[in-house]
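Breakdown of the fold
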Amino acid sequence: MNEVILSVDNLRVGFPTEDGVVQAVNGVSFELRRGQTLAIVGESGSGKSVTAQSILGLINRRTADISGKVIFQGQDIVAMPDKQLYRLRGAKMSMIFQDPMSSLHPYYRIGAQLIEAVRIHQRVSKQQAREQAIEMLRMVGIPAAERRVDDFPHQLSGGMRQRVMIAMALINSPALLIADEPTTALDVTVQASILELITQIQQTHDTAIIMITHDLGVVADVADDVVVMYGGSVVESAPVAEIFASPQMPYTLGLLASIPRLDRDPDRRLDPIPGNPPSLISPPAGCVFNPRCVYADRVDGNRCQSQLPELLPVSPVHSVRCHIPAAEREAIARSALSGLVIGAGDPA
Amino acid sequence: MSGYLVRRLMLLVLMLVLLSMAVFVLFSLLPADVARLSCGKACTPEIIEANRIRLGLDKSVIEQYWVFVKGIFAGRTYPEGGGPAALVCAAPCLGYSFRKNATVLQLIGERLPATIWLALGAFVLFMVVGMVTGVLAALRRGRWQDKSIMGVALLGYSLPSFFLGLVVLFFVIIRWKLLPYPSYVSPFENPEQFFKTMLLPWIVLAILYAAFYTRLTRSQMLETLGEDYIRTARAKGLPERTVVGKHALRAGLTPIVTAGGLDLAGLLGGAIITESVFSLPGIGSLAVSAVVDPDLPVLVGITLITAFFVIVANLIVDLLYAAIDPRVRVAA
Ligand SMILES: Nc1ncnc2c1ncn2[C@@H]1O[C@H](COP(=O)(O)OP(=O)(O)OP(=O)(O)O)[C@@H](O)[C@H]1O
Ligand code: SF4
Ligand SMILES: [Mg+2]
């Protein structure tokens with residue numbers, strides 16, 4: 001097995017606001033090995049992007065409360081001085097964002113933006129950096145890269161801009177790439193080719209990838225491991241095959257149950273479970289998922305409403321946060337996945 | 001792009017024509033009788049009537065305007081049609097001041113250098129100071145550097161210019177005698193005296209204007225700092241200094257350039273109070289004396305010149321937009 005290059009340990013990120021602290025990330029832990037892909041799934045507001053941005057040190061440390069550890073190649077990002085962080089960002093770890101339309105600076109040529117990315121981290125001439133930029137654009141599949149390099153972002157389509165973003169993120173051959181919903185804003189036809197590009201580059205560069213997505217189809221295609229987030233916490237984590245074959249947390253079951261619906265209406269955002277996401281300022285007592293969970297009444301003594309379940313391993317690679325005993329959870333999963341009742345009010 | 005430029009230049013000419021008409025009509029509606037005002041002490045109705053003819057004021061406004069426009073391109077004489085005692089005002093003739101016995105162009109030309117130097121020097125100072133402090137405040141937002149910069153800016157912003165001018169004049173020149181009493185000379189004649197004279201007016205104007213640019217730059221920076229491409233710039237590994245001073249500044253520059261262009265144009269039309277406080281022989285003080293006198297041809301001339309500066313500044317600002325934002329270039 002490859003070495004661990006990233007380990008997130010009990011990461012917590014809170015944003016103080018007038019109404020109270022928004023606890024966007026509440027004790028997230030996971031590991032990622034070189035060349036592997038970790039998918040983070042969860043509905044909107046579950047803290048995926050804040051987690052990702054914390055890993056790059058992009059969350060403002062003066063306005064947010066950040067605790068826990070993010071150990072990247074042996075160094076703790078959370079405690080690292082800015083200067084050191086600048087040297088890692090874009091060089092050893094980089095990120096691509098959801099919206100390629102707004103993620104490139106509208107006033108600079110894409111060549112200039114790529115060259116800048118090279119020259120922050122490498123001592124090369126402008127000309128050499130430009131050659132690297134063209135080479136990289138070619139690699140991400142931009143036709144006529146030597147001409148396109150002088151285009152402004154508005155002269156490119158959304159898919160092409162995302163390719164440019166990918167080129168920029170990978171130009172210094174980082175060990176870690178975080179892709180925060182890289183295809184959500186793109187046409188369905190373009191989505192597949194962008195994903196293919198990312199996985200192809202991963203294989204040639206041995207890059208570790210964190211893929212944040214709403215789309216379980218994407219998870220099935222690219223992920224080695226999956227982390228399911230709910231209300232700022234990890235509720236289940238397992239290798240991808242196991243998540244699909246034997247999910248154990250009721251929220252994960254709900255997510256999986258929504259796949260056929262997505263087939264019917266591919267544009268629909270994934271939000272199949274009745275009820276609303278929890279408040280991050282004053283989350284429900286007990287299990288954060290309990291107001292929406294159809295299995296909460298199966299647990300004795302109202303523990304779902306009073307006691308926060310821990311994230312406990314059911315195997316060395318599979319952890320679950322739920323009060324229901326493991327054996328019973330497996331039975332629930334089996335019946336749920338065979339097409340029986342899955343979410344409250346869902347007769348499918 | 002060149003088609004765009006041609007169109008803009010044509011528009012500029014059209015605006016100048018309309019503007020000069022408006023100014024002309026406006027001033028002809030004034031109750032002041034120029035023929036009488038140009039008459040001096042020993043005045044009789046006959047002299048006033050003769051003046052009226054000499055100045056062409058017996059004609060309709062439309063005819064007067066036509067003569068005025070012709071004067072700009074071909075020069076004119078007073079009275080119209082010439083004669084043995086006629087005054088010649090060569091092209092481009094913006095009118096003749098009988099109060100000062102000089103062409104309006106001469107009067108403005110004498111005063112323009114002081115105003116231009118004042119405006120340019122102050123402009124460079126307040127743009128640099130305003131933008132640098134604004135970026136600095138944005139970079140250190142919420143911290144003591146931000147708070148002190150914004151505190152000083154608020155103070156500078158709320159000071160009336162005559163007050164600031166007089167206080168500076170009183171302390172620096174009269175009380176502490178750090179600088180000689182201002183007496184304008186051309187920088188080519190006596191650079192030292194020129195700088196000693198201009199230093200305080202520059203600083204006073206810079207303080208007044210920089211405060212505005214500090215606030216504008218800071219708020220622009222804070223707005224653009226929330227953009228996605230700023231996050232991208234940070235994710236590249238750029239230090240915050242470059243993120244704010246390059247990426248965010250470039251993106252937020254448009255309103256700053258707009259305000260800067262118009263402020264410069266305004267200053268070129270004369271900084272009335274500052275020129276008066278520091279006794280600078282500029283357009284502003286010429287305008288004041290033309291109002292007090294009153295000297296209508298000079299006022300018309302100054303109004304037109306100022307409007308000309310504003311229109312040209314607008315054109316330059318628009319061209320700068322295209323230089324800043326490539327998307328404008330394509331649309332144009
Ligand atoms: N700077 C901030 N100040 C206050 N609250 C914030 C801030 N940034 C994020 N949040 C809140 O933190 C929560 C988690 O946000 P995050 O962007 O991580 O969600 P997400 O899982 O990425 O959702 P999506 O799928 O919609 O992208 C949200 O409720 C969001 O409103
Ligand atoms: S702990 Fe209770 S409420 Fe939470 S997921 Fe398990 S059964 Fe549902
Ligand atoms: Mg997100």
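**Here we look at the overall build of chain B**
Within chain B, the regular secondary structure consists of 15 helices and four strands. Referenced to the eigenvectors of the C-alpha coordinate spread, the extents of chain B come out at roughly 80 × 60 × 35 Å. Contacts spanning at least 24 positions in sequence make up 64% of the contacts within chain B whose residues lie at least 6 apart. When the accessible surface of chain B is split by element, carbon and sulfur atoms take 71% of a total near 16300 Å². Where the 29 positive side-chain charges of chain B centre and where its 20 negative ones centre are 10 Å apart.

**Structural notes on the overall build of chain A**
Within chain A, the regular secondary structure consists of 14 helices and 12 strands. Relative to the compact-globule value of 20 Å for 348 residues, chain A shows a C-alpha radius of gyration of 21 Å, a close match. Based on the C-alpha atoms only, the size of chain A along its principal axes is roughly 70 × 45 × 45 Å. In chain A, buried positions account for 53% of the 348 residues. Considering only contacts within chain A whose residues lie at least 6 apart along the sequence, 64% involve residues at least 24 apart. For chain A, the separation between the mean place of its 31 positive charges and that of its 37 negative charges on side chains is 7 Å.

**So, the sheet that holds strand 4 (residues 65–72) of chain A**
All names here are of chain A. Ordered in space as 2-1-4-5, the four strands form an open sheet in which the pairing is antiparallel. Every other strand in the sheet has two partners, leaving strand 2 (20–33) and strand 5 (75–76) as the edge strands with one partner each. In the packing of helix 1 (residues 48–55) onto the sheet, the strands contacted are strand 1 (4–17), strand 2 and strand 4, and the crossing angle to strand 1 comes to about 120 degrees.

**Looking at the interface of chain A and chain B**
Across the boundary between the two partners, chain A contributes 27 residues, which contact 24 residues of chain B. Both sides of the chain A and chain B interface together cover about 2400 Å² of buried area, and 57% of this is carbon and sulfur. If you look at where chain A meets chain B, you find two salt bridges. Between Glu-116 of chain A and Lys-246 of chain B there is a salt bridge, and its shortest N-O distance comes to 2.9 Å. Where chain A packs against chain B, one counts 13 residue pairs in polar contact (both at pLDDT 80 or more). Secondary-structure elements contributing two or more residues to the side of chain A that touches chain B are helix 3 (100–103), helix 4 (110–121) and helix 7 (158–170) of chain A. For the side of chain A that touches chain B, the element with the highest residue contribution is helix 4 of chain A, accounting for five residues. The residue makeup of the side of chain A that touches chain B, split by class, is 13 nonpolar, nine polar and five charged.

**So, the site of ligand 1**
Residue and element names in this part refer to chain A. Neighbouring ligand 1 are 13 residues, the closest being Ser-44, Gly-45, Lys-48, Ser-49 and Val-50. In this structure, Val-50 approaches ligand 1 through a main-chain N or O atom, which is 2.9 Å from an oxygen atom. With the chains in place, 65% of the 640 Å² that ligand 1 exposes on its own is no longer accessible. When residues of the shell around ligand 1 are assigned to their parent elements, the largest contribution, three residues, is made by helix 1. Looking at side-chain class alone, the shell around ligand 1 contains four nonpolar, six polar and three charged residues.

**Considering the domain arrangement of chain A**
Domain boundaries assigned for chain A yield domain 1 (103–168) and domain 2 (246–337). Its C-alpha centre places domain 1 of chain A at a distance of 43 Å from the equivalent point of domain 2 of chain A.

**Some words on the packing of helix 4 of chain A against helix 5 (residues 126–139) of chain A**
All names here are of chain A. Contact geometry of helix 4 with helix 5 gives a least axis separation of 9 Å together with a crossing angle of 115 degrees. One element, helix 4, and the other, helix 5, form an angle in the roughly perpendicular class. Helix-helix and strand crossings are classified by hand; for helix 4 and helix 5 the assignment is right-handed. On helix 5, the residues touching Ile-110, Leu-114, Ile-115, Val-118 and Arg-119 of helix 4 are Lys-126, Ala-129, Arg-130, Gln-132, Ala-133 and Leu-137.

**Regarding a nonpolar patch on the surface**
Where nonpolar side chains cluster on the molecular surface, the patch consists of Phe-162, Phe-163, Leu-166, Ile-272, Ile-273, Val-288, Val-291 and Val-292 of chain B and spans about 710 Å² of accessible area. At the level of elements, helix 7 (161–175), helix 12 (272–277) and helix 13 (283–292) of chain B are the ones that each hand at least two residues to the nonpolar patch.

**Remarks on the pairing of strand 2 of chain A**
Here strand 1 of chain A runs beside strand 2 of chain A; their pairing, made up of 11 bridges, is antiparallel. When the sheet's bridge partners are listed, Val-13 of chain A is paired in strand 2 of chain A with Val-25 of chain A.

**Details of helix 11 (residues 250–257) of chain A**
Summarising burial for helix 11 of chain A: seven of the eight residues are buried, a large majority. Residues of helix 11 of chain A that are buried: Pro-250, Tyr-251, Thr-252, Leu-253, Gly-254, Leu-255 and Leu-256 of chain A.

**Observations concerning the state of the cysteines**
Residues and elements named next belong to chain B. For the coordinates displayed, the defined rule picks out one disulfide over all chains. Through a disulfide, Cys-89 is tied to Cys-93; the S-S separation comes to 2.1 Å. Note on the Cys-89 and Cys-93 pair: the S-S dihedral is about 105 degrees, so by sign convention the disulfide is right-handed. Using a relative accessible area of 0% as the deciding quantity, one classes Cys-93 as buried.

**A look at unusual backbone geometry**
Trans is the prevailing form of peptide bonds, just as negative phi is the prevailing case for residues other than glycine. The omega torsion of the bond from Tyr-78 of chain B to Pro-79 of chain B falls at -5 degrees, within 30 degrees of zero and hence cis. Considering the arrangement of structural elements, one finds Pro-79 of chain B in the loop between strand 1 (76–78) and strand 2 (87–89). Cis geometry is found at the peptide bond from Ala-91 of chain B to Pro-92 of chain B, where omega equals -10 degrees. Its identity is not glycine, yet Asn-10 of chain A carries a phi of approximately 50 degrees, on the positive side. Relative to the helices and strands, Asn-10 of chain A resides in strand 1. Overall, the relative accessible area of 40% leaves Asn-10 of chain A in the partly exposed class. Its identity as a non-glycine residue notwithstanding, Asn-302 of chain A has a phi of 55 degrees, on the positive side. Along the chain, Asn-302 of chain A falls in the loop between helix 12 (259–264) and helix 13 (303–306).

**Some points on the packing of aromatic side chains**
Under the defined criterion, the tally for this structure stands at 22 aromatic pairs over all chains. Between Tyr-157 of chain B and Phe-212 of chain B, the aromatic rings sit 6.4 Å apart at their centres with planes inclined by 15 degrees, giving stacked as the arrangement. Taken as a pair, Tyr-157 of chain B in helix 6 (residues 144–158) and Phe-212 of chain B in helix 8 (residues 191–224) lie far apart in primary sequence, 55 residues in all. An aromatic cluster of three or more residues is present, and its members are Trp-117, Tyr-184, Phe-188, Phe-194, Phe-195 and Trp-202 of chain B. For the cation-ring pair, Lys-246 of chain B lies above Tyr-108 of chain A, with the distance from its terminal atom to the ring centre recorded as 5.4 Å. Here the guanidinium or amino end of Arg-250 of chain B rests over the ring plane of Tyr-108 of chain A, the centre of that ring lying 4.9 Å away.

Rules used in this analysis
Residues numbered from 1 in each chain as written. Chains lettered and ligands numbered in written order. Predicted model: local features only at pLDDT ≥ 70, side-chain atom pairs only at ≥ 80, totals over all residues. Heavy atoms only, no water. Helix = DSSP H or I, 4+ residues; strand = E, 2+ residues; numbered from the N terminus. Contact = heavy atoms within 4.5 Å. Areas by Shrake-Rupley, 256 points an atom, 1.4 Å probe, with all protein chains shown as cover. Lys, Arg positive; Asp, Glu negative; His and termini not counted. Charge placed at Lys NZ, Arg CZ, Asp CG, Glu CD. Rg over C-alpha atoms; globule rule 2.2 N^0.38 Å. Buried < 20%, exposed > 50% of the residue type's maximum accessible area, 1.4 Å probe, protein only. Pairing = 2+ DSSP bridges. Axes fitted to C-alpha atoms, helices over the stretch in contact; angles between N-to-C directions. Buried area = accessible area lost by both parts, 1.4 Å probe. Salt bridge = Lys/Arg side-chain N within 4 Å of Asp/Glu carboxyl O. Polar contact = N/O pair within 3.5 Å; in protein donor to acceptor, adjacent residues only side chain to side chain. Nonpolar A, V, L, I, M, F, W, Y, C, P; charged D, E, K, R; others polar. Near = heavy atom within 4 Å. Domains from an automatic or database assignment. Parallel < 35°, antiparallel > 145°, perpendicular 65-115°, else oblique. Left-handed = near helix turned anticlockwise from the far one by under 90°. Patch = residues over 30% accessible without salt bridge, like charges linked within 9 Å, V, L, I, M, F, W, Y side chains within 5 Å. Disulfide = S-S within 2.5 Å. Phe/Tyr/Trp six-rings, centres within 6.5 Å; stacked < 30°, edge-to-face > 60°. Lys NZ or Arg CZ within 6 Å of the ring centre and 35° of its normal.

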